Amino acid sequence: MSNSPARVYLDITGTLPDAKSIRDLVADKDPKKRDKLVDRLVDSPEYSYFFANKWADVPPREAPQSADRAYGTFAFHTWIREAVAADKPYDEFVRDIVCAIGDETKSPPAFWYREVQTPENFVDDVSQVFLGQRLACANCHHHPYEKWSQDDYWGIAAFFARVGKKNVPVAGSRTKGTRTASRCCSSDPPAA
């Protein structure tokens with residue numbers, strides 16, 4: 001992060017400060033003024049909105065094409081924003097998504113299961129988004145200089161191949177839409 005006050009705002013909230021905020025910060029003689037600004041911005045609603053948008057873009061997905069799909073997108077985004085605002089620990093955040101059970105009307109993180117369709121999608125998403133590792137190449141081959149092998153890739157894929165999913169009708173939907181219900185790590189389909 002830059003020492004520029006405007007850059008701090010951009011990096012933390014994705015917004016620019018107003019002129020008064022900059023003048024007040026420059027006039028402030030406290031040597032810890034930058035640390036206090038960072039703390040104040042991290043506690044702001046703009047921080048949670050900004051980082052929810054970042055999480056919603058990773059991994060990239062298609063834009064919602066129908067009303068039934070849009071509901072899950074917005075519910076999941078709201079859940080992410082609230083988790084960031086509540087300072088949910090990262091391990092709990094990931095667990096709530098990866099182990100989501102039910103449909104997105106009751107468990108918004110379950111929307112992720114609607115978006116990923118194959119065990120390979122699960123491996124690619126989990127490894128890149130949550131572990132910070134790209135394993136997609138190990139799907140086809142083991143590069144001699146990489147530590148991740150095809151066995152690693154397909155071992156993770158085998159874990160996610162056991163996730164049960166089914167489409168459930170949306171009550172009152174004019175589009176005859178469905179939501180995807182998930183049941184983590186089960187060979188039995190989830191109950192409707």
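Every value quoted in this text rests on a predicted model; they were computed, and no experiment measured them.

Re the pattern of salt bridges
Side chains that differ in charge, positive against negative, can pair when their charged atoms come close. Following the criterion strictly, the structure yields 5 salt bridges and no others. Its salt-bridge partner being K20, residue D24 comes within 2.6 Å of it at the nearest N-O pair. With D24 and K20 both in helix 2 (residues 19-27), this residue pair falls 4 residues apart, about one helical turn. The exposure class of D24 is partly exposed, given its relative accessible area of 41%.

Side note on helix 1 (residues 5-13)
Residues spaced three or four apart along an α-helix point in a common direction, a consequence of the helix completing one turn every 3.6 residues. Taken together, the buried positions of helix 1 are occupied by V8, Y9, I12 and T13. Summarising the axial view, the buried residues of helix 1 lie within an arc of 100°, below the 170-degree limit, and thus occupy one face. Its buried side turned inward, helix 1 meets helix 2, helix 3 (33-42) and helix 4 (45-56). At the exit of helix 1 stands G14, carrying a positive phi of roughly 70°.

Digging into the environment of D151
Along the chain, D151 turns up in helix 9 (residues 150-161). Separated by 12 residues in the primary sequence, D151 and N139 place their C-alpha atoms 8.9 Å from one another.

Cut-off values and rules
Each chain has its residues counted from 1, following the order in which its sequence is written. Reporting of local features is limited, given that this is a predicted model, to residues whose pLDDT is at least 70; pairs of side-chain atoms are given and counted only at 80 or more, and all residues count toward the totals for whole chains, interfaces and linings. Remark: hydrogens and water are excluded; side-chain values derive from all non-hydrogen atoms of the structure. When a carboxyl oxygen of Asp or Glu is within 4 Å of a side-chain nitrogen of Lys or Arg, the pair counts as a salt bridge. For the purposes of this entry, the term helix denotes a DSSP run of H or I that reaches at least four residues, the term strand denotes a run of E that reaches at least two, and both are numbered from the N terminus. Relative accessible area decides the class of each residue, using a 1.4 Å probe on protein chains only: under 20% of the type maximum gives buried, over 50% gives exposed, and in between gives partly exposed. Each direction from the helix axis to a C-beta atom contributes to the arc, which is the arc of those directions. The criterion used for residue contact is that any of the two residues' heavy atoms lie within 4.5 Å.

These figures capture arrangement, not role.
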